[in-house]
Amino acid sequence: MNIETVRVVDSHTGGEPTRVVISGGPELGMGSMTERLNTLREEYDWFRSSIAEEPRGSDVLVGAILCEPGCPENTAGAIFFNNVGYLGMCGHGSIGLAVTMVHLGRMQLGEHCLETPAGNVTLTVHDPNRVSVSNVPSYRYRSDFKLQVPEIGEVCGDIAWGGNWFYLISDHGQSLDQENVDTLTDYTWAIRRELDAQGVRGGDGELIDHIELFGPPSDSAAADSRNFVMCPGKAYDRSPCGTGTSAKIACLIEDEQLAPGEIWRQESITGSIFEAHGVVDQRKIHPVITGTAYITGDARLLFDSADPFRYGLRSS
């Protein structure tokens, strides 16, 4: 019997879990984070599935491989993934990764540069649990885009980039409550499928793989909006979604509904809140997302060579 081990640290950010691989992952070289992501996808996708899929993971889990930065002046690099593939950037995951590095003694209070496949982001650690992420430039790609969905009818929203591609919908007639999650899942997944079926894409022909619904907050004194975010693996985001909130901030600023620097409080379907604002630099909008994360585990994952499901149920 041969057993290999991988060390991970688990956390949650606003209820959404992140699993950071600390050691035991595949050797991805020292190229850019995009090059390393491509190596992971093409040569070691079994590792992603073994970490994020059942029986070790779950549909809701987001994983991250902690990498040495390409530039020695930066603090770290990260590649984010989930149960079905890879993410260019992950807001809640970046907050969870920062809190994980504080837990390990590898990050102090203050500013740090994190390299991601979507670009470099700045992490500001305020205390051991609270972190701000200055995200990649975010923007609206298409405004008031109308889509005919057979099961639903016409929907209309904005297509925007916040580190991942989103279809943002405010006029949907749905109740954004946890008791309604099954209906919201069916509704957003039907939209996701139809975008794909009709060949609607983001920039560079990329999939629009996140659907985000907006509605009134549960408490208008505590938040400006509530959202429901359907992620690529058909699991909803328990947090307010960092990249989705970034896409929303970009649209609000472009519509002059939010001034640069003005705080927007985004509530998730579970009631957790991110504070966000936008910084405009050379006509580019850089959203800043602030949230809290907590460590939930520091463990060794075991890979038994005799286990038929050691690389995940779907990969066996």
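See the structure printed just above.
Now for a look at the structure at hand. Please read these numbers as outputs of a predicted model, since none were measured by experiment. Within each chain, residue numbers correspond to sequence positions counted from 1 in written order. Given that the model is predicted, a residue must reach a pLDDT of at least 70 before its local features are reported, and side-chain atom pairs must reach 80 or more before they are shown or counted; all residues, however, enter totals for whole chains, interfaces and linings. Values shown for side chains rest on all heavy atoms present in the structure; no hydrogens or waters enter the calculation.

**Regarding the overall build of the protein**
The condition is simple: Numbering of helices and strands runs from the N terminus, with a helix taken as a DSSP run of H or I at least four residues long and a strand as a DSSP run of E at least two residues long. Computation of the radius of gyration draws on C-alpha atoms alone. For the globule rule, the value is 2.2 Å times the number of residues to the power 0.38. Relative accessibility decides the category of a residue: with a 1.4 Å probe and only protein chains considered, values under 20% of the type maximum give buried, values over 50% give exposed, and everything between is partly exposed. Residue contacts are counted whenever heavy atoms from the two residues lie within 4.5 Å of one another. All accessible-area figures derive from a Shrake-Rupley calculation using a 1.4 Å probe, and residue coverage is judged against the displayed protein chains alone. The charge count includes Lys and Arg as positive and Asp and Glu as negative, but it does not include His or the ends of the chains. Note on charges: their place is set at NZ of Lys, CZ of Arg, CG of Asp or CD of Glu.
The helix and strand inventory of the protein stands at five helices and 16 strands. Its C-alpha atoms give the protein a radius of gyration of 19 Å, near enough to 20 Å, the size a compact globule of 316 residues would have. Projected onto its principal axes, the C-alpha coordinates of the protein cover approximately 55 × 45 × 35 Å. Here the protein holds 316 residues, and 55% of them are scored as buried. Pairs at least 24 residues apart make up 63% of the contacts formed inside the protein by residues separated by at least 6 positions. Carbon and sulfur atoms form 44% of the exposed surface of the protein, whose accessible area is close to 13400 Å². A distance of 3 Å separates the average location of the 24 positive side-chain charges in the protein from that of its 44 negative side-chain charges.

**Focus: the pattern of salt bridges**
Formally: Here a salt bridge means any side-chain nitrogen of Lys or Arg lying within 4 Å of a carboxyl oxygen belonging to Asp or Glu.
Throughout the structure, instances matching the rule amount to 13 salt bridges. In this structure, Glu-275 and Arg-130 form a salt bridge, with 3.7 Å as the shortest nitrogen-oxygen distance. Of this pair, Glu-275 sits in strand 15 (residues 273-281) while Arg-130 sits in strand 8 (residues 130-134), and the two are 145 residues apart along the sequence. Here Arg-130 falls in the partly exposed class, since its relative accessible area comes to 27%. Glu-267 serves as the salt-bridge partner of Arg-226, at 3.4 Å between the closest nitrogen and oxygen. Placement of Arg-226 in strand 13 (residues 225-230) and of Glu-267 in strand 14 (residues 264-267) is noted, with a sequence separation of 41 residues between them. Owing to a relative accessible area of 11%, Arg-226 belongs among the buried residues under this scheme. Overlapping salt bridges bring together Arg-140, Asp-158, Glu-254 and Asp-255 as one network.

**Remarks on the side chain of Asn-83**
In this structure, Asn-83 sits in the loop between strand 4 (76-81) and strand 5 (86-87). Sequence-distant contacts of Asn-83, that is, excluding residues within four places in its chain, are made with Arg-48, Ala-52, Glu-53, Ser-58, Asp-59, Leu-61, Gly-233 and Arg-314.

**Some thoughts on the nonpolar core**
Threshold: Here, the term nonpolar core denotes a set of buried Ala, Val, Leu, Ile, Met, Phe, Trp, Tyr and Cys residues that are joined through side-chain atoms within 4.5 Å.
By size, the foremost hydrophobic cluster in this structure holds 62 residues, and its most contacted members are Leu-147, Tyr-167, Ile-191, Leu-195 and Phe-228. With seven residues, the top contributor of residues to this core is helix 4 (residues 181-197). The next biggest cluster of nonpolar side chains, apart from the first, holds 17 residues, and it includes Val-6, Val-21, Leu-37 and Leu-301.

**Points about the pairing of strand 2 (residues 16-23)**
What counts, and what does not: Here a strand pair is declared whenever DSSP counts at least two bridges between the two strands.
Burial of strand 2 is extensive: seven of the eight residues sit out of reach of the surface. In this antiparallel pair of consecutive strands, strand 1 (residues 3-13) and strand 2, the connection spans two residues, and Gly-14 shows a positive phi of 60°. Pairing geometry for strand 2 and strand 3 (residues 62-67), over four bridges, is parallel. Bridging across to strand 3, Val-21 finds its partner in Ile-65.

**Some points on helix 2 (residues 45-52)**
Structural remark: α-helix, 3.6 residues per turn; residues separated by three or four positions point the same way. The buried fraction of helix 2 amounts to six of the eight residues, a majority that puts the element mostly inside the structure. Those residues of helix 2 lying buried are Phe-47, Arg-48, Ser-49, Ser-50, Ile-51 and Ala-52. For helix 2, the secondary structure elements touched by its buried residues are strand 1, strand 2, strand 3, strand 4, strand 5 and strand 16 (284-304).

Read these as layout, nothing more, since geometry by itself doesn't imply function.
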